[in-house]
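Fold and contact review
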Amino acid sequence: MKKHLNIAIVGATGAVGRVILELLESREFPVNKLALLASANSAGEVMTFAKKSITVQPLDTFDFNGFDMAFFTAGSRVSAQYAARATDAKCVVIDNTSYFRNEEDVPLVVPEVNGEELNRYQDTYLIANPNCSTIQMVLALAPIHKAAVIERINVATYQSVSGAGQQGIDELSSQTRSLLNFKPLQQQVFSGQIAFNVIPHIDDFQDNGYTREEMKMVWETQKILGDRSIQVNPTCVRVPVFYGHAEAVHIETRDKITAPEARQLMADMDGIEIIDNPAQLRYPSPALTAAGNDAVYVGRIREDISYPNGLNMWIVADNIRKGAALNSVQIAEKLLKIL
């Protein structure tokens, strides 16, 4: 195991890149040299790490030789264009985009669930970080699947605007101000008004009537849990919340499992916190529970009154932290032990 690594962050000035930088420092990741990379428009910006000022460099001229690990957080097009430059230099790429997730030889990893997949890193020097909604769902469902075999998942997501980046945050903020001041709305990011509204549409529609965001949950859940037979039926909805995704999840299992049994299995899972006390009106919510925190929170755990082997639950997490940056840093921490 190497003592200290040379690390690059691609998209360092974006929302996820900034949190990765924060987490590397707060979790005391052993960094030797740190390169912060972005587009030419952001190059020259000065950021701080471990009380040192670091100037952001342009990605298009950067040489990855001598770097051990690179976090890619700047979108699929950037990963498609530049990831190979890093992997050719034997720099392990932890990619936060969807570009490599469906490639069979690229591990798609939630460390608490299938961290052993990282042992294959030398196959491609690529590790894919799953979709934010998939991460929080599979973390909660993995121990249940191991114990009782999940056959079918129905899930409706309630996804915050930060999932669309800073532009999504700005659009909700500006539309809210406009509505409260009786001014015309500006709409550029979302397909309709997002302030005081919900939109059942995230990413492009596919030929089967589902959106690409929904299909990501199908493909990625099956790949991470290692079971292509699991049926996943998702509906992804954008809601006027700044940070934190929530999911209403309904599962059907092969073997009967009770709500108390499922609750205990999830409570024993690293990264899960149970908040589930209806008598005291205790259940997790994006803004009050998840935003700014690292755990995946589960509540409203109950047996399905319409199906004998069914369970319902409510799963909430910060989509920028566990849904992206934290999961990436946890991948890097596990890789430390095998590099």
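Here the structure is a predicted model, which means the values were calculated and not measured. (Residues numbered from 1 in each chain as written. Predicted model: local features only at pLDDT ≥ 70, side-chain atom pairs only at ≥ 80, totals over all residues. Heavy atoms only, no water.)

1. Some remarks on the packing of helix α4 (residues 132-148) against helix α6 (residues 212-225)
Geometry of a packed helix pair, given as the angle between the helix axes and the separation of the axes. At a minimum axis distance of 10 Å, the contact between α4 and α6 shows a crossing angle of 40 degrees. Judged by the sense of rotation from one axis to the other, the crossing of α4 with α6 is right-handed. For the pair α4 and α6, the contacting residues are Ser133, Thr134, Met137, Val138, Ala142 and His145 in the first and Glu213, Lys216, Met217, Glu220, Thr221, Ile224 and Leu225 in the second. When its residues are assigned to classes, the contact of α4 with α6 shows six nonpolar, four polar and three charged. (Axes fitted to C-alpha atoms, helices over the stretch in contact; angles between N-to-C directions. Helix = DSSP H or I, 4+ residues; strand = E, 2+ residues; numbered from the N terminus. Left-handed = near helix turned anticlockwise from the far one by under 90°. Contact = heavy atoms within 4.5 Å. Nonpolar A, V, L, I, M, F, W, Y, C, P; charged D, E, K, R; others polar.)

2. A look at the sheet that holds strand β13 (residues 296-303)
Spatially, β10-β9-β11-β14-β13-β12 is the arrangement adopted by the six strands of the open sheet, whose pairing is mixed. Sheet topology places β10 (231-238) and β12 (272-274) at the edges, where each strand pairs with a single neighbour. Taken over all neighbouring pairs, the strand axes of this sheet differ in orientation by 20 degrees on average, direction set aside. Pairing of strand β9 (residues 150-159) with strand β11 (residues 245-253), which is carried by eight bridges, proceeds in the antiparallel orientation. For Tyr158, the partnering residue across the bridge sits in β11 and is Ala246. Those strands touched by α6 are β9, β10 and β11, and its axis lies near 145 degrees from that of β10. (Pairing = 2+ DSSP bridges.)

3. Here we look at the nonpolar core
Ranked by size, the top nonpolar core spans 59 residues in total, and within it Phe64, Ile153 and Met313 carry the most contacts. By residue number, the principal contributor to this core is α4, which donates nine residues. Those residues within four positions of Met313 in sequence are excluded, and the remaining contacts are Leu141, Ile144, Glu247, Ala248, Val249, Ile251, Met266, Val298, Gly299, Arg300, Ile301 and Arg302. The next biggest cluster of nonpolar side chains, apart from the first, holds 37 residues, and it includes Met47, Phe49, Phe71 and Tyr121. (Core = buried A, V, L, I, M, F, W, Y, C linked by side-chain atoms within 4.5 Å. Buried < 20%, exposed > 50% of the residue type's maximum accessible area, 1.4 Å probe, protein only.)

4. Regarding the side chain of Ser79
Tracing the chain through its elements places Ser79 in helix α2 (residues 76-88). Classification of Ser79 by relative accessible area gives buried; the value is 1%. Setting aside residues up to four positions removed in sequence, Ser79 forms contacts with Phe72, Asp95, Thr97, Tyr99 and Phe100.

5. A word on the environment of Thr73
Among the structural elements, Thr73 can be located in the loop between β6 (69-72) and α2. Taking the C-alpha atoms as reference points, Thr73 and Asn32, 41 residues apart in sequence, are found 21 Å from one another. The contact partners of Thr73, leaving out residues within four places of it in the chain, are Val10, Gly11, Val16, Gly17, Ile20 and Asn96. A polar contact of 2.8 Å, which involves the side chain of Thr73, links it to the backbone oxygen of Val10. Within the local environment of Thr73, its side chain forms a polar contact with the backbone oxygen of Gly11, the two atoms lying 3.2 Å apart. (Polar contact = N/O pair within 3.5 Å; in protein donor to acceptor, adjacent residues only side chain to side chain.)

6. So, the state of the cysteines
Considering all chains together, one arrives at zero disulfides under this definition. The thiol of Cys132 is not disulfide-bonded; the next cysteine sulfur, from Cys236, is found 8.9 Å away. (Disulfide = S-S within 2.5 Å.)

7. Some words on helix α7 (residues 259-267)
Ala259, Ala262 and Met266 are the residues of α7 that are buried. Seen end-on, α7 carries its buried residues on one side only, within an arc spanning 65 degrees. The inward-facing, buried residues of α7 contact α4, β12, β13 and β14 (310-317). (Arc of directions from axis to C-beta.)

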